[in-house]
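Summary of structural features
Letter by letter, the chains look like this.
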Amino acid sequence: MELPIYMDGHATTRVDQRVVEAMLPFFGEQYGNAASRDHRFGWTARDAVADARAAVAALIGATAREVVFTSGATESNNLALKGVAEAARDRGNHIVTAQTEHRAVLDPCARLEQQGMQVTYLAVRGDGLVDPEALEAAMTPATVLVTLMVANNEIGVLQPIAELARLARSRGVPLHTDAAQAAGKVPIDVEADGIDLLSLTAHKLYGPKGVGALFVRRGVAVAPLLDGGGQEAGLRSGTLNVPAIVGFGRAAAICAEEMPREAARISRLRDRLRDGLQRSLAGVTVNGATTPRLPHNLNVHFDGLAGEQLLTGLDDVALSSGAACTSSSREPSHVLRALGLDDARARASIRFGLGRFNTEAEVDYVIEKLSSLVTQLRSPAPVFVLGTDDRDLPPEWRVESDSEVD
Ligand SMILES: *Cc1c(COP(=O)(O)O)cnc(C)c1O
C-alpha cells in the first residue's frame, strides 16, 4: 500500500492509464485540427472526435449529434443556463433550481438574477432530496428551465430525476441536470429519464481535466456563449481539444463497460468504511439519505469535533470537508446547512469519495487512522499547572483521579 491515500474522488479522479495511452498519439504525430477538411491530419482528428462523441453519447443514452464538447461541467452548466435563458427570453424569465446545487449552477443563476431573471431555489428535505411537490408548486407560466443535479457532489444523494423531469415536461419546461458526479458511476439514460440538457466532465470519471460535454436534446433552443468558427454546430466555437476529447471518449467507454462490476466493488468498500468507522467510534452519523446514493460517496459527521481539526491531523489521507471549489473560503458547506445541520455540525463533517483505484487495505488503514485520531481529539488534553489547586480550574480542565499527588 502506498501513501498518501487518495479518497477525494468528488474533487477529481486519477486519469486511468488506458486513457493516457489513448491520448498520447494525439499529442504526437496526430496533431491535426478536427475542422481541417483538406488533408489526412484533419480527417484523423475528425474521426477520433467522432468516436469519442459516440462513446460519450452512449454513456448517457444520447445520440452523438446531441453532444457538444466543452471545457468541463462549469462551462456546460453556464451554456445550458445562460443559453436557454437567452433563447427563451421572449417566453419567460424564471428558472427553478435547488439550494444544494454546485456553485457552477448557483453562480450562473446569481448572474442571471442580476440580469433580470427570477430564480427559485428549492429547499431540500433533511435527507437532501428535492420534494417533487415543491418543484410542481414552484413552476409558473414564466418558467423556462428547471435545473436539478442528478447526484450531489458532497453527500452523493441521487435525486428522483426521472420524476422531476416528467413534472417539468408536463408543464412544457425543459429540464437540465448537472450530472458531473453521476455520469459514469450510475446508469443515466436521457431518453428513459426524460432529460433535455445534461452536463458532464471527464475529470470526474478518470479522464483528463479541461474537457466536458453538454447534451442538448434536439429541438431545445440554446444560444451560444462563444462566437467564432462555429464548431460544435455553432454552440461552442473554438478549435477542439482533440487529445482531451479522445481521452474523454476512452474514459466514458471504460465506465460504460465496467460500471456494474465497479459500482458493486466500490459500494462494498464504502460500506466497509462506514461500518468500520461506526464500529470503532460512537457518534458517527451519515449526512444525507443512505439510499439512493452514489456507490462511492460517504459523508459523515463526527460528534464533538471540528472538521478542520480532523483534516489537519490526517497527513497521509487526501480527504476534504466539502467541495474543492469552495473549500478555499472555509465557509461551512451550503449543502449540509440546507439539510438542517448547524455550522458546527457542518464543519465537523467529512466527505469521502472512493474510486477505481482504492483498495480494501486502504479502507482499513483509513478506518484505523481516523478512529485513533478522533478518539485522541475527543479526549480532553490533561492540564497540569504546578501549584494550582485543581478546584480552581474550569471543570473540563480538571484532571480526575491522579491529580492528588501525595
Ligand atoms: C466538479 C463539478 C463541477 C465542475 O466541473 P468542472 O469540469 O471542473 O468545471 C460541476 N458540477 C458538479 C456537480 C461537480 O461535481
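Scroll up to find the structure this text is about.
Report on the accompanying structure. Everything numeric in this text was worked out from a predicted model, so none of it was measured. (Residues numbered from 1 in each chain as written. Predicted model: local features only at pLDDT ≥ 70, side-chain atom pairs only at ≥ 80, totals over all residues. Heavy atoms only, no water.)

A few points about the nonpolar core
- Phe69, Leu135, Val146, Leu198, Leu200 and Phe248 are the most contacted members of the largest nonpolar core, which has 72 residues in total.
- Tallying contributions element by element places helix H8 (residues 242-280) first for this core, with ten residues.
- Split by domain, this core shows at least three residues from each of two domains, domain 1 (5-9 + 258-374) and domain 2 (17-255).
- With residues near it in sequence (within four places) discarded, valine 146 still touches Val96, Leu135, Met139, Ala168, Val173, Pro174, Leu175 and His176.
- One finds Leu273, Leu319, Leu370 and Val374 within the second-largest nonpolar core, a separate group that totals 26 residues. (Core = buried A, V, L, I, M, F, W, Y, C linked by side-chain atoms within 4.5 Å. Buried < 20%, exposed > 50% of the residue type's maximum accessible area, 1.4 Å probe, protein only. Helix = DSSP H or I, 4+ residues; strand = E, 2+ residues; numbered from the N terminus. Domains from an automatic or database assignment. Contact = heavy atoms within 4.5 Å.)

A few points about the environment of leucine 79
- Along the chain, the position of leucine 79 falls in helix H3 (residues 73-87).
- Sequence separation of leucine 79 and alanine 180 is 101 residues, and the distance between their C-alpha atoms is 15 Å.
- Contacts of leucine 79, omitting those with residues within four sequence positions, involve Val84, Leu214, Val222, Ala223, Pro224, Leu225 and Leu235.

Re the sheet that holds strand E10 (residues 297-302)
- Ordered by their spatial adjacency, three strands build an open sheet running E9-E10-E12, and the pairing between neighbours is antiparallel. The open sheet is flanked by strand E9 (284-286) and strand E12 (349-353), the only strands paired with a single partner. On average, adjacent strands in this sheet sit at an angle of 30° to one another, irrespective of strand direction.
- Judged from the five bridges that link them, E10 and E12 form a sheet pairing that is antiparallel. Looking across to E12, one finds that asparagine 297 is bridged to glycine 353. (Pairing = 2+ DSSP bridges. Axes fitted to C-alpha atoms, helices over the stretch in contact; angles between N-to-C directions.)

So, the sheet that holds strand E5 (residues 143-147)
- The seven strands are arranged E2-E8-E7-E6-E5-E3-E4 in an open sheet whose pairing can be described as mixed. At either end of the open sheet lies a strand with only one pairing partner, and these are strand E2 (67-70) and strand E4 (118-122). Recorded for the sheet is a direction-independent mean angle of 20° between the axes of neighbouring strands.
- The sheet contact formed by E2 and strand E8 (residues 212-216) spans four bridges and is antiparallel.

A look at empty space enclosed by the protein
- Tallying each qualifying case throughout the model produces one cavity of 30 Å³ or more.
- Quantified by volume, the largest cavity comes out at close to 70 Å³.
- Along its surface, the largest cavity is lined by Gly184, Lys185, Tyr206, Met259, Glu262, Ala263, Ile266, Pro295, His296, Leu354 and Gly355.
- Tallied by class, the residues present in the lining of the largest cavity amount to six nonpolar, three polar and two charged.
- When residues of the lining of the largest cavity are assigned to domains, at least three fall in each of domain 1 (5-9 + 258-374) and domain 2 (17-255). (1 Å grid on protein atoms, 1.4 Å probe; cavity = no way out; pocket = protein on both sides within 12 Å on 5 of 7 lines; lining within 4 Å. Points joined across faces, edges and corners; volume = space filled by probe spheres on them. Nonpolar A, V, L, I, M, F, W, Y, C, P; charged D, E, K, R; others polar.)

Things to note about the environment of glutamate 163
- For glutamate 163, the location among the structural elements is in helix H6 (residues 161-170).
- On the basis of relative accessible area, glutamate 163 is assigned to the partly exposed category, the value being 34%.
- Through-space distance from the C-alpha of glutamate 163 to that of valine 317 is 38 Å; in sequence the pair is 154 residues apart.

Some details on the packing of aromatic side chains
- Under the counting rule described, the total for this entry stands at three aromatic pairs.
- When the centroid spacing of 5.1 Å and the interplanar angle of 25° are considered together, the rings of tyrosine 31 and phenylalanine 41 count as stacked. Taken as a pair, tyrosine 31 in the loop between helix H1 (17-27) and helix H2 (40-60) and phenylalanine 41 in helix H2 lie far apart in primary sequence, ten residues in all.
- With centroids separated by 6.0 Å and ring planes inclined at 65°, the aromatic side chains of phenylalanine 69 and phenylalanine 248 adopt a geometry described as edge-to-face. One end of the pair, phenylalanine 69, is in strand E2; the other, phenylalanine 248, is in helix H8, and 179 residues separate them in sequence. (Phe/Tyr/Trp six-rings, centres within 6.5 Å; stacked < 30°, edge-to-face > 60°.)

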